[in-house]
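Listed below are the residues making up each chain.
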Amino acid sequence: MKTGLAYIFGGIGALALGMNLAVADDHWSQWRGDQLNSISTESSLPIEFGPEKNLVWRLELPGPGGSSPIIWDKQVFVTSVDGSGISLIAVSSEDGREQWRKTLGGENQNIRMDNANSASPSPFTDGNFVWATTSQGFLHCFKLDGTPVWEKDLQKEYGEFNIQFGLSSTPVLDNGRIYHQLIHGNMRDREPGTAWILCFDAATGKELWKQNRTSDAYAENKHAYTSPTIYRDQDQSFLVVHGSDYITGHDLETGKELWRCGGINLQDNYHPTLRLVSSAATAPGLIVVPTAKNGPVFALQPPLSGDITDSATAHRWKIDRGTPDVATPLIHDGLVYLATEKGTLTCLDAKTGEQVYSERVHADKHRSTPIIAGERIYLAGRDGRVHVIQTGRQLNVLATNDLGEETTASPAVANGQLYLRTFSALYCFGNQ
């Protein structure tokens, strides 16, 4: 594990912008990895790979899904459409053989034309248990051998979901607690939507707290497809929730709202379909806030308190256009990377927001959040083409690899191997 060098900026002591904690280990425990930043120090992954090159194994899956694989030691876990339902599947990381399969609650719903379905949230594990949830709100806990431990029906406990494309938010696991957000509502009226921020004991499923999150968002903007994350630096930590026209910070112990930032959807020129999908990204000293539909991106600098919408000291920089619509930003080594839905990769200076470059990599939809392994970005297009790009201040595409199968899932890294999930199969690649 490595950390950035400490330095002072803006009168605030913090770790260097973008120098996140990163790990090269035998696990990738949840979406965006152990540190929730999509970064691994693993430098031995193959640059070139495909069905005929550097393939360790390929496992045919029973159906499509947008959820990403997670890995702990010698097990890989992934959720998938399975007939009319959803299953959590455990796989051997050594040979790709299925170890067990468990049916999750509810039926699959194919929610839109591009194969979005109830297998959208990613599973997560701590090496003792594995948890999985579906877009219909069933949250399950299993032992690593597949033994059921507990389950919850979130719609039964917190109200029926009303969200256009299904609740795709992936919960966050941190220090024995599960943090989850339910942000939805009737988009055909001006009444407030429903927004619960929830915290459960991971071992038992017991509710530790719930916090109502208010918003004046209306129309489709009541719906959020983002996932929560956690901000940490040497002095503080808090939950970050992004959706329904606001980004907020919450106390990890109580759920109390610590700060709130609006300005995502301006009231004097309100966009009724500016629903948020791309989640916030954090690094010590920096929170990068995406919006939607080629809108703005802005950067907040902790510490933060109260309503910071118009606080000059809370805002580090803002760009007016160029947000990712689906993929979550990357922060690495003093740079911010934005992967847009149409295949443009934009690189910004993390301290100033100044554009370093912005170039089209591949003219296809991009819904997968890229990762960084070592000093390389792995960026997957919807059509299954995966570009490997050198990090740094110049765009340098090292390789273009074609899986020949559609994908919206984010890559994962563990055991010196790269894991990619398509609508058809789960792949494991390594230098052969």
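Predicted model only: the values in this text are computed from it and were never measured.

Participant: Sorry, what's going on with the side chain of Thr-407 here?
Facilitator: Here Thr-407 is to be found in the loop between β34 (396-402) and β35 (412-414). Here Thr-407 falls in the buried class, since its relative accessible area comes to 4%. From its side chain, Thr-407 meets the backbone oxygen of Arg-421 in a polar contact 2.6 Å long.

Participant: Where do I start with the sheet that holds strand β10 (residues 124-125) in this structure?
Facilitator: Two orientations exist for strands paired in a sheet by backbone hydrogen bonds: parallel and antiparallel. Pairing within the open sheet is antiparallel, and its four strands lie in the order β10-β11-β12-β13. Looking at which strands have only one partner, the edges of the open sheet turn out to be β10 and β13 (148-153). When β10 meets strand β11 (residues 129-133), the two strands line up antiparallel, connected through two bridges. Following the sheet pairing, Thr-125 is matched in β11 by Val-130.

Participant: I would appreciate a short explanation of the pairing of strand β18 (residues 229-232) in the present structure.
Facilitator: Looking along a regular strand, one sees the side chains alternate between the two faces of the sheet. Where β18 lies against strand β19 (residues 237-243), four bridges are found, and the strand directions are antiparallel. Paired with Thr-229 across the bridge in β19 is Val-240. Between β18 and β19, which pair antiparallel in sequence order, lie four residues.

Participant: Explain the side chain of Ser-68 to me, please; I cannot follow it from the model alone.
Facilitator: On the secondary structure map, Ser-68 appears in the loop between β5 (55-60) and β6 (70-72). Polar contacts involving the side chain of Ser-68 include one to the main-chain amide nitrogen of Ser-410, which spans 2.8 Å. Setting aside anything within four residues of it in sequence, one finds Ser-68 in contact with Trp-31, Phe-77, Ser-122, Pro-123, Ala-409 and Ser-410.

Participant: Before we go on, may I ask you to explain the pairing of strand β24 (residues 297-300) in this structure?
Facilitator: Side chains Val-297 and Ala-299 project from β24 onto one buried face, and the interleaved Phe-298 and Leu-300 project onto a second face that is buried too. Pairing of β24 with strand β26 (residues 315-319) involves four bridges; the strand directions are antiparallel. Across the sheet, Leu-300 pairs through a bridge with His-315, a residue of β26.

Participant: Which parts of the structure should I look at to understand the nonpolar core?
Facilitator: Proteins that are soluble and globular tend to have nonpolar side chains buried together. Judged by nonpolar contacts, the single largest core of 29 residues is most densely connected at Phe-49, Trp-57, Tyr-378, Leu-418, Tyr-419 and Leu-420. The element that contributes the greatest number of residues to this core is strand β37 (residues 425-429), accounting for five residues. Here Leu-420 is in contact with Phe-49, Val-386, Leu-403, Pro-411, Ala-425, Leu-426, Tyr-427 and Phe-429, once residues within four sequence places are set aside. Cys-141, Leu-173, Ile-178 and Tyr-225 belong to the second-largest nonpolar core, a separate cluster that totals 19 residues.

Procedures and definitions
Residues numbered from 1 in each chain as written. Predicted model: local features only at pLDDT ≥ 70, side-chain atom pairs only at ≥ 80, totals over all residues. Heavy atoms only, no water. Helix = DSSP H or I, 4+ residues; strand = E, 2+ residues; numbered from the N terminus. Buried < 20%, exposed > 50% of the residue type's maximum accessible area, 1.4 Å probe, protein only. Polar contact = N/O pair within 3.5 Å; in protein donor to acceptor, adjacent residues only side chain to side chain. Pairing = 2+ DSSP bridges. Contact = heavy atoms within 4.5 Å. Core = buried A, V, L, I, M, F, W, Y, C linked by side-chain atoms within 4.5 Å.

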